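Structural overview
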Amino acid sequence: MTASTPHQPAALTRRAALTGLAAGAGALAVGSTACTAEAVPTPSATASEPAPGAMRLFTDPGFNFAGLLALGAAGMRASEVGEVLTAVNVINAAGLSEQTYTDTFRSWGDKLAAPPAAGRDGGGTPSQTRRFRSLRAAQYYAQALFYVLGTDRPGDEEAVYRAGRRAWDTFARLCTPAAVTAHVPWGKTRLPLWFFRPDGPSERRPTVILTNGSDGQNVDMWTYGVSAALDRGWNALVYDGPGQGQLLFVEEIPFTTRWETAVSPIVDWLLGREDVDGGRIAITGLSMGGNLAPRAAAFEHRLAAVAAMPGCLNPWLGFDKELRDIVTPDKAETNRIWNEEVVPELTPQAAFTVKKRFEIFDRQALRQAREGKVLTDLWTPAQVAMGLDITKVVGRIKAPTLVLDYDFEQFYPGQPRQMYDLLRTRREYVKLTKATGAQLHCSPMAPQQHCDVVFDWLADVLQR
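The present account deals with the structure reproduced in this document. (Residues numbered from 1 in each chain as written. Predicted model: local features only at pLDDT ≥ 70, side-chain atom pairs only at ≥ 80, totals over all residues. Heavy atoms only, no water.)

Quick look at the overall build of the chain now. Broken down by element type, the chain carries 17 helices and eight strands. A buried classification covers 61% of the 464 residues belonging to the chain. Sequence separation of at least 24 residues holds for 75% of the intrachain contacts in the chain that already meet a minimum separation of 6. Carbon and sulfur atoms make up 49% of the accessible area of the chain, which amounts to about 16700 Å² in all. (Helix = DSSP H or I, 4+ residues; strand = E, 2+ residues; numbered from the N terminus. Buried < 20%, exposed > 50% of the residue type's maximum accessible area, 1.4 Å probe, protein only. Contact = heavy atoms within 4.5 Å. Areas by Shrake-Rupley, 256 points an atom, 1.4 Å probe, with all protein chains shown as cover.)

In structure tokens:
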């Protein structure tokens, strides 16, 4: 999960537009716009910067956002401060790049994925040690996964995903009680899900469906929801939808513009369980999930509450305007301009960003990226990205809705307030700020504060 600050010069050429694909497709992760640490001037850190002083692990804002996400996850035991900072030092010493970042965090994942020596946890229960080592391994593999397309081995993307998935599955299996795993039908495939329950007597409980964004991994759902839900005695469900996790990296299935088709069968599955209170099923959406979850709630009215984190009406607007202007109703002309005027001018770093941003929307783009190539058909995945616009359907949401916003929101500035204004149900708008270290998209340095806000609001809405 990575990001970069928006590229906002006064005037842009087509080449400049592509070197600054700043907000990408609106994931929790977006590609960096700079080459390496050495290529980026080092400004003086001030309190007015999005990540001043000690918050600046890397000079490149995209890599820095990724590092802050990994560091912030330590509060939920999904990373270790010393491990992350050691990795940061190694990367900076080697020269910041997609290659060094991927290699370093992949190495940490490999170290922690290995079973610990028996008895090392001091309590005679090595499974507990392995549980949280596996969670941290999943975090570090997720860090490596985002940048692997920018390395000299882009074809390793599926292998890195599978390594992180094994670590996540090990963690889920070692929870007490173990997470229930299942698959629900979607189209010609099935969506994997992990259902976490509190330890204790079986009873009907509030349940939160946790929806990821376009590049987040399951470990992020632990940090931004599962842990908080369990602490409150609630159930939590994590799932891979189309364009995410297994469906993207293994089955090569891109995003759908009808996210309710993924959520409704999950609600059906939950309603069949005796430990789920069917009248208190909520849904949250992190990053681009702040578009997906509201879209689902606009059509799936069995949901009792919705949290958009942040509110996102139109992910396509996260792309630079110069890039958006290339895409016209004329597919042939769009792709001619793309391939003849834009692609030849891309720097390696801009090419990486393009590959990463569009692999989620189109199978051909994903396959070309894994071959080290820039997509040749821009028009097709752009139609999917544009089709995610939910401006006209937000008013159909009936469930109470929380819309989060953040100081220095990099990807959807202004969209959370716009979503709030369009809602016609019980609603609340909350902005997390730099005054408490909760700035930037999804509050990477403050997931505990983030969860406090979201779950306190859910508790109020779902109380009986």
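To continue, consider the nonpolar core. The biggest cluster of nonpolar side chains holds 151 residues, and the ones touching the most others in it are Phe196, Ile209, Phe358 and Leu458. Top contributing element to this core by residue count: helix α5 (residues 126-147), with eleven residues. Not counting the four nearest positions on each side in its chain, isoleucine 209 is found in contact with Leu237, Tyr239, Ile266, Val267, Leu270, Ile281, Ala282, Ile283, Thr284 and Leu303. (Core = buried A, V, L, I, M, F, W, Y, C linked by side-chain atoms within 4.5 Å.)

Following the criterion strictly, the structure yields 28 aromatic pairs and no others. For the pair tyrosine 101 and phenylalanine 105, a centre-to-centre distance of 4.8 Å together with 45 degrees between the ring planes defines the contact as tilted. Residue tyrosine 101 and its partner phenylalanine 105 are both found in helix α4 (residues 98-113); the two are separated by four residues, about one turn of the helix. The same class applies to tyrosine 101 and to phenylalanine 105, which are both buried. One aromatic cluster is present, built from ring pairs that chain together Phe58, Phe63, Tyr101, Phe105, Trp108, Tyr140, Phe146, Tyr147 and Phe352. (Phe/Tyr/Trp six-rings, centres within 6.5 Å; stacked < 30°, edge-to-face > 60°.)

Moving on to the environment of asparagine 235. By the secondary structure assignment, asparagine 235 is in strand β4 (residues 235-239). In this structure, the C-alpha to C-alpha distance between asparagine 235 and phenylalanine 196, residues 39 residues apart in sequence, is 5.7 Å. In this structure asparagine 235 touches Phe195, Phe196, Arg197, Pro198, Arg205, Pro206, Thr207, Val208, Ala229, Asp275 and Val276, once residues within four positions along its chain are discounted. Side-chain polar atoms of asparagine 235 contact the side chain of threonine 207, separated by 3.1 Å. (Polar contact = N/O pair within 3.5 Å; in protein donor to acceptor, adjacent residues only side chain to side chain.)

So, on to the packing of helix α3 (residues 81-94) against α4. Running from N to C, α3 and α4 point in directions that differ by 145 degrees, and their axes come no closer than 9 Å. Between α3 and α4 lies a crossing whose hand is right-handed. Judged by residue contacts, Glu83, Thr86, Ala87, Val90, Ile91 and Ala94 of α3 engage Thr100, Tyr101, Thr104, Phe105, Trp108 and Leu112 from α4. Here the contact of α3 with α4 is built from residues that sort into eight nonpolar, three polar and one charged. (Axes fitted to C-alpha atoms, helices over the stretch in contact; angles between N-to-C directions. Left-handed = near helix turned anticlockwise from the far one by under 90°. Nonpolar A, V, L, I, M, F, W, Y, C, P; charged D, E, K, R; others polar.)

The interhelical angle for the contact between helix α7 (residues 218-231) and helix α17 (residues 447-462), taken along N-to-C directions, is 55 degrees, at an axis separation of 9 Å. It follows that α7 is oblique to α17 by the angle criterion. Regarding α7 and α17, the two cross each other, and that crossing is right-handed. Contacts between α7 and α17 pair Thr223, Tyr224, Gly225, Ala228 and Ala229 from the former with Pro447, His450, Cys451 and Phe455 from the latter. For the contact of α7 with α17, the per-class residue count stands at six nonpolar, three polar and no charged. (Parallel < 35°, antiparallel > 145°, perpendicular 65-115°, else oblique.)

Threonine 176 connects to proline 177 through a cis peptide bond whose omega is -5 degrees. Mapping proline 177 onto the fold places it in the loop between α6 (157-174) and β1 (180-186). The omega torsion across methionine 309 and proline 310 is 5 degrees, close enough to zero to call that bond cis. Tracing the chain through its elements places proline 310 in the loop between β6 (305-309) and α11 (321-326). One non-glycine residue, arginine 77, lies in the positive phi region at around 65 degrees. Inspection of the secondary structure assignment puts arginine 77 in the loop between α2 (61-72) and α3. The partly exposed category is assigned to arginine 77, whose relative accessible area is 47%.

A few words now on the pairing of strand β7 (residues 401-406). Put simply, side chains in a regular strand alternate between the two faces of the sheet. For β7, the tally of buried residues reaches six of six residues, placing the bulk of the element in the interior. The alternating pattern of β7 places Thr401, Val403 and Asp405 and Leu402, Leu404 and Tyr406 on opposite faces, both of which are buried. Looking at chain direction, β6 and β7 are connected through three bridges and run parallel. Residue pairing across strands places alanine 307 opposite leucine 402, the latter belonging to β7. Relative to strand β8 (residues 427-432), β7 runs parallel, the two sharing six bridges. Considered in β8, the bridge of aspartate 405 is made with lysine 431. Tracing the backbone out of β7, into helix α16 (residues 415-422) and back to the parallel element β8 gives a crossover that is right-handed. (Pairing = 2+ DSSP bridges. Right-handed = clockwise from strand over helix to strand, strands pointing away.)

Let's shift gears to the pattern of salt bridges. Under the defined criterion, the tally for this structure stands at 29 salt bridges. The salt bridge partner of arginine 357 is aspartate 215, with a shortest N-O separation of 2.9 Å. Note that arginine 357 is positioned in helix α13 (residues 348-358) and aspartate 215 in the loop between β3 (205-211) and α7, a separation of 142 residues in sequence. With a relative accessible area of 5%, aspartate 215 lands in the buried category. With a closest N to O distance of 2.8 Å, glutamate 260 and arginine 295 form a salt bridge. Of this pair, glutamate 260 sits in helix α9 (residues 260-271) while arginine 295 is found in helix α10 (residues 289-299), placing the two residues 35 residues apart along the sequence. For the pair glutamate 260 and arginine 295, one class covers both residues: buried. Each of the salt bridges in this network shares a partner with another, and the network as a whole consists of Glu157, Glu158, Arg162, Asp215, Glu252, Lys356, Arg357, Glu359, Arg367 and Arg370. (Salt bridge = Lys/Arg side-chain N within 4 Å of Asp/Glu carboxyl O.)

Take it as geometry only, folks, not as evidence of what the structure does.
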